[in-house]
There are 2 protein chains.
Amino acid sequence: MFTGLSAFPLTPVTPAGFDEHGFIRILERITSAGVDSIGVLGSTGSYAYLTRSQRSHISGIAKSHAGNIPVMICVGAVSTDEVLRLADDAQAAGADALLLPPVSYQTLRDDEVFGVFETLTQYVSVPVCIYDNPGTTHFEFSDELHGRIATLPGIKSVKIPGVPPSPEDALARVKRLKAKLPEGVTVGISGDASAANGLNAGCEVWYSVCGGLFPHVAKEMTDAAARGDRERVVQLSERLQPLWDLFRKHGGSIRVMAAAAGVLGLTEADCLPRPLRPLSADDLADVAAVISRLGLR
Amino acid sequence: MFTGLSAFPLTPVTPAGFDEHGFIRILERITSAGVDSIGVLGSTGSYAYLTRSQRSHISGIAKSHAGNIPVMICVGAVSTDEVLRLADDAQAAGADALLLPPVSYQTLRDDEVFGVFETLTQYVSVPVCIYDNPGTTHFEFSDELHGRIATLPGIKSVKIPGVPPSPEDALARVKRLKAKLPEGVTVGISGDASAANGLNAGCEVWYSVCGGLFPHVAKEMTDAAARGDRERVVQLSERLQPLWDLFRKHGGSIRVMAAAAGVLGLTEADCLPRPLRPLSADDLADVAAVISRLGLR
């Protein structure tokens, strides 16, 4: 399950609470597009804003609407005890894999981050993916630490943030990381604007926010990568540049994807958990214009 | 309660869980020293690593051992809903004030941070202190935003991180902030190595990690500041330089204070919540040597 397109859906949360119907509508878009896996409760899935019981409930809904598509559930939390409780819940909900970001409050040391992965992999029976996302966790992995963690039984993939913009640098970066990883541990690209570059540099999977709402265009990209059509991968990403520009303008993808879900009529316009707030009316109009212009679906 | 010495105790958490006896021993040191207030479940109090029910339990213990000393309880959480639930619990436990850091996962915008403070102050009946700690929250306040939030009814103090090292720059920095704050909102210094400089620059309160374990020496410093003896304030801080050096060496105060609590026999040697890990034996010996050399109590 750690290859191809892994779609990371938004978890809509309106002022009234978790929007179950909206979430199911989003899941249905993804499953009907035939993605390779679903990553629920990732960063765009707002795991950090939800209680343990909400996360358990949402995991169950994802599994019951995913059909045969494997579901990876993020169990990130500041405390290791809480990570284990979330892992219990995720496994009870039928998680096919777990995603673990080293969420930090106090700055973490390498041995502390290794410790969480060691504790989790010894505790669970499903595969685990390393979630490297310094923009939200404020922890910077070295390739050495990735390699050390990846030798733990059960670690099956590393979700990395963006790669450098030049194809040569991206290739070198992915190569350097892969040299540290045991056989069979895949590297997945995230940071959607970097996806084409990452896929062309040898990443086996795209952990994709875009794929969580616009799975068809994302799948075209991973399909092109799978058949080695590097030019087509670049072309497809370039076409999506206005979407990547919106992500950059709004400091990440979540507020844009929440706006897009509203524009598509899948959720209410305000579907972000507080303290996060929806985009302004003007910014919302920009999002709608990009969706329409690119014919995103 | 937003002047003088506010002691921020460690919350000891051993592998067996919250160490209630150790916590009470720490509280007794603080209360018997006659500090002006106690800030429980701050950063060194490991709030971010504890569940809602643990935080509620710990708040109750703090209040029942604080005597007449006012207790401020930190209600930090990523989600605004959770902040309000924690505020309910803290008020039920008898909190005299609440401390709110804008804990972030997604990068927060100024209007989002303002929104959490607005929501909280409208919701609660006790005073609120703004907790500005970019090292853990990853949110940078501007003086303008502090000023805007401080106009909300109920905001009574701003807990700032360190001030610049030169007395002139520190004075200018505190002056600049104070110019934005309404009358009656105090400025409190944290970042213990900066405390002398902050107090001499006009901060009315020291939100003190050192005071959470070594209240006598901390109180000497705030007492000297209160009587305008700037030279003595500097002298006392300079004497504590070996402690500040340990804080810097270990990337903050929490691991050092946990080690110190163990050295003093107040808690077990391993009293940090995972993923945080105790200092090595060598580093522990350094902490013990500094405590002994400085005669800290």
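Residues numbered from 1 in each chain as written. Chains lettered and ligands numbered in written order. Predicted model: local features only at pLDDT ≥ 70, side-chain atom pairs only at ≥ 80, totals over all residues. Heavy atoms only, no water.

Asks: Would you explain the sheet that holds strand E10 (residues 205-208) of chain A in this entry?
Replies: Residue and element names in this part refer to chain A. Read around the barrel, eight strands follow the order E1-E4-E5-E6-E7-E8-E9-E10 and close on themselves; strand pairing throughout is parallel. When the angles between neighbouring strand axes are averaged without regard to direction, this sheet yields 25°. In this structure, strand E1 (residues 4-7) lies alongside strand E4 (residues 37-40), joined through two bridges in parallel fashion. Its bridge partner lying in E4, Ser6 is registered against Ser37. (Pairing = 2+ DSSP bridges. Helix = DSSP H or I, 4+ residues; strand = E, 2+ residues; numbered from the N terminus. Axes fitted to C-alpha atoms, helices over the stretch in contact; angles between N-to-C directions.)

Asks: Sorry if this is basic, but what is going on with the interface of chain A and chain B here?
Replies: Interfaces are often sized by the accessible area lost when the parts come together. Counting from both sides, the interface comprises 33 residues of chain A and, opposite them, 33 residues of chain B. Of all residues in chain A, the largest losses of buried area upon contact with chain B belong to Tyr105(A), Gln106(A) and Pro275(A), amounting jointly to 26% of the total for that side. Between the two partners, chain A and chain B, sit two salt bridges. The salt bridge involving Glu112(A) is made with Arg255(B); its shortest N-O contact spans 2.7 Å. Put simply, chain A and chain B have 19 residue pairs in polar contact (both at pLDDT 80 or more) between them. Elements with a contribution of two residues or more to the side of chain A that touches chain B: helix H3 (80-92), helix H4 (110-123), helix H5 (134-137) and helix H12 (254-263) of chain A. The dominant element in the side of chain A that touches chain B, judged by the number of residues it contributes, is H4(A), at four residues. (Contact = heavy atoms within 4.5 Å. Buried area = accessible area lost by both parts, 1.4 Å probe. Salt bridge = Lys/Arg side-chain N within 4 Å of Asp/Glu carboxyl O. Polar contact = N/O pair within 3.5 Å; in protein donor to acceptor, adjacent residues only side chain to side chain.)

Asks: Please explain the sheet that holds strand E9 (residues 186-189) of chain B as it appears in this structure.
Replies: Pairing between the strands of a sheet is mediated by backbone hydrogen bonds and can be parallel or antiparallel. Residue and element names in this part refer to chain B. Read around the closed barrel, the eight strands follow the order E1-E4-E5-E6-E7-E8-E9-E10; overall the barrel is parallel. For this sheet the average axis-to-axis angle between neighbouring strands, irrespective of direction, equals 25°. Two elements, strand E4 (residues 37-40) and strand E5 (residues 71-74), share three bridges in a ladder whose sense is parallel. Bridge pairing links Val40 to Ile73 in E5.

Asks: Sorry if this is basic, but what is going on with the pattern of salt bridges here?
Replies: Following the criterion strictly, the structure yields 34 salt bridges over all chains and no others. Of the charged contacts, one joins Asp96(B) and Lys63(B) as a salt bridge, the two residues approaching to 2.9 Å between their closest N and O atoms. With Asp96(B) in the loop between helix H3 (80-92) and strand E6 (97-100) and Lys63(B) in helix H2 (residues 52-65), this residue pair connects regions lying 33 residues apart in the sequence. A residue is classified by how much of its surface remains accessible, and Asp96(B), at 27% relative accessible area, is partly exposed. A cluster of three or more residues bridged by salt bridges with shared partners is formed by Arg109(A), Asp111(A), Glu112(A) and Arg255(B). (Buried < 20%, exposed > 50% of the residue type's maximum accessible area, 1.4 Å probe, protein only.)

Asks: It is not clear to me how the environment of Asp270(B) should be interpreted in this structure. Could you clarify?
Replies: Residues and elements named next belong to chain B. Its location among the elements puts Asp270 in the loop between helix H12 (254-263) and helix H13 (281-294). Asp270 sits in the buried class, given a relative accessible area of 18%. Taking the C-alpha atoms as reference points, Asp270 and Thr14, separated by 256 residues in sequence, lie 5.9 Å from one another. When near neighbours in sequence (up to four residues on either side) are disregarded, Asp270 contacts Val13, Thr14, Pro15 and Pro278. Here the side chain of Asp270 touches Arg274 through a polar contact of 2.6 Å, side chain to side chain.

Asks: I'm lost on the packing of aromatic side chains in this one. Help?
Replies: Any two aromatic rings considered together are summarised by their centre-to-centre distance and by the angle between their planes. Taken as a whole and assessed by the stated rule, the structure comprises 12 aromatic pairs over all chains. Ring centres 5.9 Å apart and planes at 80° place the aromatic pair Phe8(A) and Tyr207(A) in the edge-to-face group. Linking Phe8(A) in the loop between E1 and strand E2 (13-14) with Tyr207(A) in strand E10, this pair joins segments that are 199 residues apart in sequence. In terms of burial, Phe8(A) and Tyr207(A) fall into one category: buried. Between Phe18(B) and Phe23(B), the aromatic rings sit 5.7 Å apart at their centres with planes inclined by 65°, giving edge-to-face as the arrangement. Side by side, Phe18(B) and Phe23(B) carry an identical accessibility label, which is buried. Taken together, Phe117(A), Phe139(A) and Phe141(A) form an aromatic cluster joined through their ring pairs. (Phe/Tyr/Trp six-rings, centres within 6.5 Å; stacked < 30°, edge-to-face > 60°.)

Asks: Looking at this model, I keep getting lost on the environment of Pro70(A). Mind explaining?
Replies: All names here are of chain A. Relative to the helices and strands, Pro70 resides in the loop between helix H2 (52-65) and strand E5 (71-74). Measuring from C-alpha to C-alpha, the distance between Pro70 and Gly94 comes to 9.5 Å, with 24 residues separating the pair along the chain. When neighbours within four sequence positions are excluded, Pro70 is seen to be in contact with Met1, Asp36, Ser37, Ile38 and Asp96.

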